[in-house]
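# Secondary and tertiary structure notes
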Amino acid sequence: MKRAAPVIRSRRMSTERIAVEQLRLSLSAGSSRVFDCGARQRAVEEAGGGQSTYFFRYPELNSLIFMKETVTDPDLAEQLGQGVGTKLYFAYNEKNSFEGGRSIYLSDPDLINALNFQTGFSKIADTEDGKIDLAILDTLDRLPSLDPFLLKDGLARDGIEPHPSYFDISDAEFSRVRDAVSSRFRVIIEFAFGSTGSKKSSALLSTLMEKLWYGDDMEALKPITQALNLTDADAPKVFEGWKGIIYYDYLFEQQQESWKAYAGWLARDAHPSDYVSKEMIDSTQQRVAMLRSSVKKHWVTVNTILNEYRTAHDTLFKDKQSAAPFIEFLHEAPAKFYVLGDAISRLDHCIQVWGGMSRRTSWTPRLKSAELDSLLSISEQVLS
């Protein structure tokens, strides 16, 4: 039976008219703003993964692409409740995503209608599998970026563990990052529970670090929630936001060199390598200047939040002074986590696209005018 088209009462279900080259570069960048489930699905099948290890229970959803994008329509941003949304992209041709397609934000009230029309999701929407798939979509939308570590951890928190090939991070690296992030919980546990020097205390520390990681046992964490003036209702989001900020602090330390290299390229070499008119040179210089300003703005956002966190942390745990700045910061952690993740993922996207194009022309740091134009167009769109 032919499915009836859903009633779409707004412009939110839109046709994507991204230039083929720009779309190709965005999807192939390996950025934390793009999750190409279809490409990952093929990698899972090549690795021998079975249906029980697929990302979504409903097969039609496994060919979709998800992108974090700025919501440019102010009315839509107000309706969605945020300035950045997770766009679900339905390619017209699943074998060639670059031919265009249709998209809708995951927060859109018409999402279920769109899923029904595009994939027939209504077949399982009310089943246990359907509820799991909707929970996965909620996780994708809840996170500030589609960073593989955050995505894998967010799903694991809900007991969902797809095949490792869906994530651009090995199990060993995931464990290494998790250990590095969770180790920073120790100070707050000792602050609330006292010294953890004995074997018995060390065992308690490990247990509490695990509970704090998932933030789902408020009774065990009560000394911490009381010390931080948190309600049981607010605590899980606060702990998730704090964990995310610790992760981004760790990630920022790992990525600083690539950020500096990108900023250096913009300052020195973002000029066409081939012959172009003076008008085009002037136009390019203006675009690069505006792009550098946008990069600086997001970089300042990242530094401001991380410095605020580090200062509040050190005031309490190193200088043994007031707990007020740290408690105040944690209460704002969920919102700051989203802003921080959005800024870092935007810069990461631009750097990944730049790195991919630069590797194709390794003999010179400069790009031909057409490539440079594509790069600037993507960067302008991502950083806007």
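Our subject is the structure listed above.
This text gives an overview of the structure that appears in the document. Because the structure is a prediction, the values reported are computed rather than measured.

Conventions we followed
Residues numbered from 1 in each chain as written. Predicted model: local features only at pLDDT ≥ 70, side-chain atom pairs only at ≥ 80, totals over all residues. Heavy atoms only, no water. Helix = DSSP H or I, 4+ residues; strand = E, 2+ residues; numbered from the N terminus. Buried < 20%, exposed > 50% of the residue type's maximum accessible area, 1.4 Å probe, protein only. Contact = heavy atoms within 4.5 Å. Areas by Shrake-Rupley, 256 points an atom, 1.4 Å probe, with all protein chains shown as cover. 1 Å grid on protein atoms, 1.4 Å probe; cavity = no way out; pocket = protein on both sides within 12 Å on 5 of 7 lines; lining within 4 Å. Points joined across faces, edges and corners; volume = space filled by probe spheres on them. Axes fitted to C-alpha atoms, helices over the stretch in contact; angles between N-to-C directions. Left-handed = near helix turned anticlockwise from the far one by under 90°. Nonpolar A, V, L, I, M, F, W, Y, C, P; charged D, E, K, R; others polar. Core = buried A, V, L, I, M, F, W, Y, C linked by side-chain atoms within 4.5 Å. Pairing = 2+ DSSP bridges. Salt bridge = Lys/Arg side-chain N within 4 Å of Asp/Glu carboxyl O.

In this section: the overall build of the chain. Of the regular secondary structure elements, the chain holds 15 helices and five strands. For the chain, with 384 residues in total, the buried portion stands at 49%. If you take every contact in the chain between residues at least 6 apart in sequence, the share linking residues at least 24 apart comes to 71%. When the accessible surface of the chain is totalled, it reaches about 18,600 Å², and 50% of it is carbon and sulfur.

Another aspect to go through is the side chain of asparagine 62. Position of asparagine 62 relative to the elements: it lies in the loop between α2 (37-46) and β3 (65-70). Here asparagine 62 falls in the buried class, since its relative accessible area comes to 3%. Discounting chain neighbours no more than four positions away, the residues touching asparagine 62 are Cys37, Gly38, Gln41, Tyr54, Phe55, Phe56 and Tyr166.

For the structure on display, the rule yields one cavity of 30 Å³ or more. Estimates place the volume of the largest cavity at around 80 Å³. Leu143, Leu150, Asp153, Gly154, Arg157, Glu240, Lys243, Gly244 and Phe337 together form the lining of the largest cavity. Put simply, the parts of the chain that give the lining of the largest cavity at least two residues each are α6 (148-157) and α11 (235-268). For the lining of the largest cavity, the element with the highest residue contribution is α6, accounting for four residues.

The N-to-C vectors of helix α12 (residues 278-317) and helix α15 (residues 369-383) enclose an angle of 35 degrees; their axes lie 10 Å apart at closest approach. The crossing of α12 and α15 is left-handed. Contact with α12, carried on its side by Met280, Thr284, Arg287, Val288, Leu291, Ser294, Val295, Lys297 and His298, involves Ser369, Leu372, Asp373, Leu376, Ser377, Ser379, Glu380 and Leu383 of α15 and no other residues of that element. Here the residues of the contact of α12 with α15 are counted per class, giving seven nonpolar, six polar and four charged.

One finds Phe55, Phe66, Phe239, Trp242 and Phe326 to be the most contacted residues of the largest nonpolar core, which totals 99 residues. Not counting chain neighbours up to four residues away, the residues in contact with phenylalanine 239 comprise Leu212, Gly215, Met218, Leu221, Ile224, Thr225, Leu228 and Leu230.

Buried residues dominate strand β5 (residues 101-105), accounting for four of its five residues. When strand β4 (residues 84-91) meets β5, the two strands line up antiparallel, connected through five bridges. Bridge assignment links tyrosine 89 to a residue of β5, and that residue is serine 103.

We now examine the pattern of salt bridges. Charged atoms that come close allow side chains of opposite charge to pair. Within this structure, the stated rule accounts for 22 salt bridges. Where aspartate 342 meets arginine 346, a salt bridge forms, and the shortest distance between an N and an O atom there is 2.9 Å. Highlighted residues: aspartate 342 and arginine 346, both in helix α14 (residues 333-360), separated by four residues, approximately one helical turn. Each member of the pair aspartate 342 and arginine 346 is classed as buried.

To continue, consider unusual backbone geometry. For asparagine 229, which is not glycine, the phi dihedral falls at a positive 55 degrees. Position of asparagine 229 among the secondary structure elements: in the loop between α10 (222-227) and α11.

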